[in-house]
Amino acid sequence: MQSPDTAPGPIFSADPAAFIGAIQAAGAPVERRNRIPILGNLHVDAQGNSVTVTGTNMDMDISATFPAKVKRRGRTTIPAGDVARFAGAVRKSTDVRCVCDIRAKLSAPLEGFGLGFGESDEISVTLPVIGPEDFPRLHGFEGAAPFATMSMKAVDWIGVLDAVSPCISTDETRYFLNGVYFHEVDGKWVAVATDGHRMMLVKTNAEAPEGVSVIVPRKTIAMLRQKLGKVPVDTVVAMELHGTPDHKLQWKFEDLVIRSKSIDGTFPDYDRVIPKPASEGGRTIEIDTVAWSRMMRTVMTLNTENFGSARLAFNKDGCSVLSSPPEGPEIKTPLPCPPWAGEFNIGFRPKYLAAMCAALAPRAQMTIRGAGDPVRFDSIGEDGAMERIGVLMPMRV
C-alpha cells in the first residue's frame, strides 16, 4: 500500500470508449487468479495529455495509451477485473472521470480509485488501489536500440502467424516448442512451429542479421495476432530484439506496446524431419487446399470423436476421404485430386489436415512416400510470395 506521504494519485477525464479499449487491451495478459495481488492490477500513469495503462503476467506486458484531460499527474494501480467489469457496463456514457486520492485516517492510509461516468458522475464506484512502486515491469528496453529487428507489413505478419500458430505445441514438458522459432536463413527471417505431429515453416522476405534467432512464446503470438487484426494491412510492424543472452521482444503500435520475454531454450533441428523435395523421390500430387480444408472440416463436424482419424484412399478415380467413428455414421466424400496409379491408403487427423491445407491455400504440392512416412506439403503461389513448407505425420487407420 502507498504511504500517507506519497504524492497524490492521478486525476483525469477521458472518452469512455478510449478508456475501456485501453483497459481491455492492457488487461489481456493479466491472469484471473493471482496469489500476488499486484499482478492482478493494472498500472495507471497519467502524464501530459495522455494516460498509459499497463498489465503484466511477469513474462509479457502490454501498455495501452489514450488521450485524456489530465488535471493531476500521477501513478497508481487498480484491480484489472473490477475496473473492466464496471467500465464495460457503462460504455455508452459521454465521459469518464477518474480520481485517485490518498487520505489518512487514524494513521492508516485509505486509498481509492474513483470512476465517475456521465457529465455529473451519475454512475460512480471506488476501487481499492495498490501503490505503483512494486508493479513489475520488463526491463532492458530503456534507452537502448534493438540489436535486431524483423519488419513486415501487418498483412504479411498475419499470413505468417496464421500459418504457423496451429502447429505450436501446448506440451509444457517440451517448453522450447511452446512458441514460434524465428531465425535467419540465407539472410531472411524464417518462422517455424511444431508440436511433434505437424510442422509449418514460412520463409519470409524480411531481411535478417546473420545468425540471429529467438523463440516467441505462444501467448505473445496470440496477443500480437489479435492486435494485428485491428491495424491497417499496410502498416509496417517491427519485432525488436533487445538484450543478450536472454532476448526480450517489443512491438510498437500507435497506441499500444507489447513487450515479452523469449523462451530460453534450443529449438530442435527441424531440417531432419522435413522429407526431401519431390525431385528426390516420392509421388506428388497438386491439390486444391481450399476445397480439401473445407471437406476435412465437414468430416470433423460429422465425426463424433474430436481426435478421430480419416483415411485418404487414392486410386485411378482420384481420392476419397473415409471416416468411421465408433459411435456415428460412416463418412465418405470425394476430394478433388488427379488420378493415382494403383491404390494407396494413408490416415490423418482431420483437424490437422484441415489446418495444414488452410495454411497453404490456395494450392499446394503434396509429396507422399509411404503410409507410415511424414508427408510434405509445398505451397504453390505467385512469384515473390512467401514460401511455406508443411510436414504432417500420418496415423494408423
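The shown structure was predicted, so the numbers you read here are calculated from the model rather than taken from an experiment.

A look at the environment of Pro-338
Within the fold, Pro-338 resides in the loop between β21 (331–335) and β22 (344–348). Of the residues examined, Pro-338 reaches a relative accessible area of 32% and is grouped as partly exposed. Residues Pro-338 and Lys-316, 22 residues apart in the sequence, show an inter-C-alpha distance of 8.3 Å. Residues contacting Pro-338, with those up to four places away along its chain left out, are Ile-285, Glu-286 and Gly-318.

Some words on the sheet that holds strand β19 (residues 310–315)
Within the open sheet, the 4 strands sit side by side as β21-β20-β19-β22. Their pairing is antiparallel. At either margin of the open sheet sits one strand with a lone partner, and together these are β21 and β22. Here the average twist between neighbouring strands, direction ignored, is 25 degrees. Across 5 bridges, β19 lies against β22 in antiparallel orientation. What sits directly across from Leu-312, in β22, is Ile-346. The sheet contacts of helix α5 (residues 289–302) involve β19, β20 (318–323) and β21, and relative to β21 the element is tilted by about 175 degrees.

Here we look at the pairing of β20
Within β20, 6 of the 6 residues are buried, which leaves the element mostly enclosed by the surrounding structure. Relative to β20, β19 is paired through 5 bridges, and the arrangement is antiparallel. Note that in β20 the partner of Arg-311 across the bridge is Leu-322. The hairpin turn running from β19 into β20, its antiparallel successor, is 2 residues long. Relative to β21, β20 is paired through 5 bridges, and the arrangement is antiparallel. Residue pairing in the sheet places Leu-322 in a bridge with Lys-332 of β21.

Digging into the sheet that holds strand β18 (residues 283–288)
On the basis of which strands lie adjacent, the open sheet formed by 8 strands has the order β14-β11-β12-β13-β25-β24-β23-β18 and antiparallel pairing. Every interior strand has two partners, whereas the edge strands, β14 (213–217) and β18, have only one. Shown here is a sheet whose adjacent strand axes are inclined to one another by a mean of 20 degrees, direction ignored. As paired strands, β18 and strand β23 (residues 363–368) are joined by 6 bridges and run antiparallel to one another. Bridging across to β23, Thr-284 finds its partner in Thr-367. The strands touched by helix α4 (residues 218–228) within the sheet are β11 (179–185) and β14, with β14 carrying the most contacts at an inclination of about 75 degrees.

Things to note about the side chain of Thr-194
Topologically, Thr-194 is positioned in strand β12 (residues 188–194). Since its relative accessible area comes to 13%, Thr-194 is described here as buried. A polar contact is formed between the side chain of Thr-194 and the backbone oxygen of Arg-198, at a distance of 2.8 Å. If near-sequence neighbours (up to four positions away) are discounted, Thr-194 is found in contact with Cys-167, Ile-168, Ser-169, Leu-177, Met-199 and Phe-267.

Here's the deal with the pattern of salt bridges
For the coordinates displayed, the defined rule picks out 12 salt bridges. Of the charged contacts, one joins Arg-85 and Asp-82 as a salt bridge, the two residues approaching to 2.5 Å between their closest N and O atoms. In this pair, Arg-85 and Asp-82 both sit in helix α2 (residues 80–89), 3 residues apart, roughly one turn of the helix. Taking relative accessible area as the criterion, Arg-85 reaches 58% and is therefore assigned exposed. We classify Asp-82 as partly exposed; its relative accessible area is 32%. Linking Arg-376 and Asp-378 is a salt bridge whose minimum nitrogen-to-oxygen distance equals 2.8 Å. The pair formed by Arg-376 and Asp-378 is uniform in burial state, with each residue classed as buried.

Comments concerning α4
Within α4, the full set of buried residues consists of Thr-220, Ile-221, Met-223, Leu-224, Lys-227 and Leu-228. One side of α4 carries all its buried residues, which in axial view fall inside an arc of 165 degrees.

A closer look at the nonpolar core
Considering soluble globular proteins, one finds that nonpolar side chains tend to be buried as a cluster. Core analysis: the largest hydrophobic core is formed by 98 residues, its most contacted members being Phe-19, Trp-157, Phe-182, Met-239, Trp-292, Leu-312 and Phe-314. Here the element with the most residues in this core is helix α3 (residues 154–164); it accounts for 7 residues. For Phe-314, the residues in contact, after removing those within four places along its chain, are Ile-285, Trp-292, Cys-319, Cys-337, Trp-340, Gly-342, Glu-343, Phe-344, Asn-345, Ile-346 and Ile-368. Val-190, Val-192, Leu-201 and Tyr-270 belong to the second largest nonpolar core, which has 13 residues in total.

Thresholds, definitions, all that
- Residues numbered from 1 in each chain as written.
- Predicted model: local features only at pLDDT ≥ 70, side-chain atom pairs only at ≥ 80, totals over all residues.
- Heavy atoms only, no water.
- Helix = DSSP H or I, 4+ residues; strand = E, 2+ residues; numbered from the N terminus.
- Buried < 20%, exposed > 50% of the residue type's maximum accessible area, 1.4 Å probe, protein only.
- Contact = heavy atoms within 4.5 Å.
- Pairing = 2+ DSSP bridges.
- Axes fitted to C-alpha atoms, helices over the stretch in contact; angles between N-to-C directions.
- Polar contact = N/O pair within 3.5 Å; in protein donor to acceptor, adjacent residues only side chain to side chain.
- Salt bridge = Lys/Arg side-chain N within 4 Å of Asp/Glu carboxyl O.
- Arc of directions from axis to C-beta.
- Core = buried A, V, L, I, M, F, W, Y, C linked by side-chain atoms within 4.5 Å.

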